[in-house]
Amino acid sequence: MKFIHVLVEGQTEETFVGGVLAEYLGSKGIYPTAKLAVTKWVKKGGHFKGGISAYSKVKYDIQQLLRDKNAALVTTMLDYYNLPGDFPGYHDRPAGSCFRRVESLERAFSVDIANPRFLPYLALHEFEAMMFADPDAIAEQLAGSKILDKLRKIGGAYASPEEIDEDNPPSKRLIQLYPPYEKTFHGPLVTEEIGIECIRQACTHFDQWLQQLEALA
């Protein structure tokens, strides 16, 4: 058995790791535990928004988790979208695709933590991108056929759900189409409906992270 800590950005990721991801990895003898990085919370109406306010807080949380010698690995599930500018490598990101930029940032992140048991993962561009692996599943859980065509149009405009950009990220698009959308409720619900295998086939950066986790087995 292998135990890992996953530092997550908010309650949505916490639920996903503790449910969908834990069930999937648990069948392989890998047991993830989500650790919530509570660095910024804003409540507006029925919506809670998590966020990373400063890299120093993230680094401190990771260093504390690495003190647990029973953990085979410490990793992260943080949104690439809206990261603070003090993240290592943030201002040195290369031009080109979002995949090049996020991988460059993850390498700088790894170098700064400097621990062989640390594996950085930044979700492109945020958690909701994974939901666009199956627009039909989003529609089924939200407003049915009323928004299905628009969801399919969004997904079809990109080669990969992970490329739905930060200028108008997936969560904002969902709220525009369905104002009652609640990240912490609908996000885990939809991703559970879609399933890990479908998500990893559509989201290559997520798949690369998952392969590294599976390698622990």
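Residues numbered from 1 in each chain as written. Predicted model: local features only at pLDDT ≥ 70, side-chain atom pairs only at ≥ 80, totals over all residues. Heavy atoms only, no water.

A. Just the nonpolar core, in detail. Counting residues in hydrophobic clusters, the biggest one holds 42 residues, and the most contacted among them are F16, M77, F206 and W209. In terms of residue count, helix α1 (residues 11-26) provides more of this core than any other element does, six residues in total. Each residue touching M77, except ones within four places of it in the same chain, is listed here: V6, L7, V8, E9, E13, F16, V17, Y121, F127, M130 and W209. The next biggest cluster of nonpolar side chains, apart from the first, holds 22 residues, and it includes L78, V102, I113 and F118. (Core = buried A, V, L, I, M, F, W, Y, C linked by side-chain atoms within 4.5 Å. Buried < 20%, exposed > 50% of the residue type's maximum accessible area, 1.4 Å probe, protein only. Helix = DSSP H or I, 4+ residues; strand = E, 2+ residues; numbered from the N terminus. Contact = heavy atoms within 4.5 Å.)

B. Spotlight on the side chain of R117. Position of R117 among the secondary structure elements: in the loop between α3 (98-113) and β6 (118-119). For R117, which is buried and forms no salt bridge, the nearest opposite charge comes from D68, at a distance of 6.5 Å. In this structure the side chain of R117 is engaged in a polar contact, spanning 2.8 Å, whose partner is the backbone oxygen of A71. Setting aside its immediate chain neighbours within four residues, R117 contacts L66, D68, K69, A71, A72, L73 and V74. (Lys, Arg positive; Asp, Glu negative; His and termini not counted. Salt bridge = Lys/Arg side-chain N within 4 Å of Asp/Glu carboxyl O. Polar contact = N/O pair within 3.5 Å; in protein donor to acceptor, adjacent residues only side chain to side chain.)

Scope: geometric values only; no functional claims are made or implied.
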